[in-house]
Amino acid sequence: MENKPSEISSSKMFGGYNKRYKHFSPTLGCSMTFHIYFPPSPPSQKLPVLYWLSGLTCTDENFIAKSGAQRAASSEGIALIVPDTSPRGLNVEGEADSWDFGVGAGFYLNATQEKWKNWCMYDYVVNELPKLLSENFQQLDTSQASIFGHSMGGHGALTIYLKNLEKYKSVSAFAPIVNPINCAWGQKAFSNYLGGNKSDWEEYDASCLISKHKNISATILIDQGEDDKFLHDQLLPHKFEEACRTVNVPLLLRLQPGYDHSYFFIATFIDDHILHHAKALKPVGEWLRDELSSSASALKPAGLKLYIGG
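Parameters at a glance
- Residues numbered from 1 in each chain as written.
- Predicted model: local features only at pLDDT ≥ 70, side-chain atom pairs only at ≥ 80, totals over all residues.
- Heavy atoms only, no water.
- UniProt positions renumbered as here; feature names shortened; annotations may be inferred.
- Helix = DSSP H or I, 4+ residues; strand = E, 2+ residues; numbered from the N terminus.
- Buried < 20%, exposed > 50% of the residue type's maximum accessible area, 1.4 Å probe, protein only.
- Contact = heavy atoms within 4.5 Å.
- Pairing = 2+ DSSP bridges.
- Axes fitted to C-alpha atoms, helices over the stretch in contact; angles between N-to-C directions.

Under an unreviewed UniProt entry, the name given to the chain is S-formylglutathione hydrolase, and the source organism is Tetracentron sinense. A UniProt comment under Sequence similarities (unreviewed entry) is attached to the chain, and it reads "Belongs to the esterase D family." A UniProt comment under Catalytic activity (unreviewed entry) is attached to the chain, and it reads "S-formylglutathione + H2O = formate + glutathione + H(+)".

With that out of the way, let us pick up the environment of Ile81. Tracing the sequence through the fold places Ile81 in strand E5 (residues 79-83). Residue class for Ile81 comes out buried when judged on its relative accessible area of 0%. Note: C-alpha distance between Ile81 and Phe34 (47 residues apart in sequence) is 7.4 Å. Contact partners of Ile81, with chain neighbours within four places excluded, come to His35, Ile36, Val49, Leu50, Tyr51, Trp52, Leu129, Leu133 and Leu140.

On the secondary structure map, Asp97 appears in the loop between E5 and helix H3 (121-136). We classify Asp97 as exposed; its relative accessible area is 68%. Along the backbone, Asp97 and His273 are 176 residues apart, and their C-alpha atoms lie at a distance of 34 Å.

On the basis of which strands lie adjacent, the open sheet formed by nine strands has the order E1-E2-E3-E5-E4-E6-E7-E8-E9 and mixed pairing. Sheet topology places strand E1 (6-13) and strand E9 (251-256) at the edges, where each strand pairs with a single neighbour. Between one strand axis and the next, the sheet turns through 20° on average, direction left out of account. The pairing of strand E3 (residues 30-38) with E5 spans four bridges and is classified as antiparallel. Following the sheet pairing, His35 is matched in E5 by Val82. Packed onto the sheet, helix H4 (residues 152-163) meets strand E4 (47-53), strand E6 (140-150), strand E7 (171-174) and strand E8 (220-225) and runs at close to 135° relative to E6. Here helix H10 (residues 263-281) sits on the sheet in contact with E4, E5, E6, E7, E8 and E9, set at roughly 175° to E7.

Listed below in structure tokens is the structure:
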């Protein structure tokens with residue numbers, strides 16, 4: 001089957017284009033779709049890439065349609081890459097029986113249980129998709145990459161980053177599942193995808209992984225709504241905060257009063273996350289020039305913000 005991506009839709013936005021593609025994935029054994037937002041840029045300039053990983057029940061379309069991330073991505077010259085959340089169309093028994101497991105719930109891991117052998121979203125995101133992009137989109141610089149996500153996708157972004165520090169310049173997350181071995185969503189997914197050996201689960205748990213990577217210098221940014229109904233039972237951000245503090249990993253955990261788990265929350269703070277990654281993705285010389293220019297032109301001190309955690 002043809003692995004080369006074919007364009008299936010295109011919409012102009014903030015001077016750039018949202019483009020959706022379809023291709024056959026050898027890793028997952030099925031056809032997959034993904035979105036790229038291409039910001040306006042000079043023809044000779046290669047674009048750094050920022051991967052977004054979506055949450056439970058989502059496809060590659062939710063973030064593109066609801067987040068409003070394209071405005072800041074256009075201004076910063078960053079391409080947004082948005083894959084789907086699981087294999088689809090394989091007709092595995094039970095794959096669509098519940099909203100938090102199977103279709104739309106790949107958890108960005110490599111399943112080890114035979115029934116779910118196609119659920120290898122970790123390999124798809126980390127290996128197959130970057131290679132596909134590099135080979136088919138010459139305007140993208142996949143060596144300059146960062147990653148972020150929401151909920152299940154926040155879990156995916158954090159664990160993928162921690163396991164591949166050489167591949168990604170920065171990471172951030174909205175309401176991530178940071179300690180899945182201790183919440184119902186994670187226990188359901190991990191027991192089915194990975195089996196009963198809980199030591200295997202720790203390889204996909206950000207709060208466990210952080211202790212193995214004590215030399216992280218880049219700040220991890222997390223936004224969490226205080227009115228998120230999943231906060232105390234499923235997301236457990238304090239577990240990740242404690243783990244980061246133990247090994248002195250820089251974490252900026254912002255608890256946002258009144259916000260829930262929705263894309264309204266994401267859209268409110270998405271620009272901060274794009275700028276967080278833009279700083280990491282810009283060449284050092286360019287970032288230094290921007291900083292000096294900004295400092296020289298400032299007429300009054302910037303306002304102060306108080307963040308909780310980190």
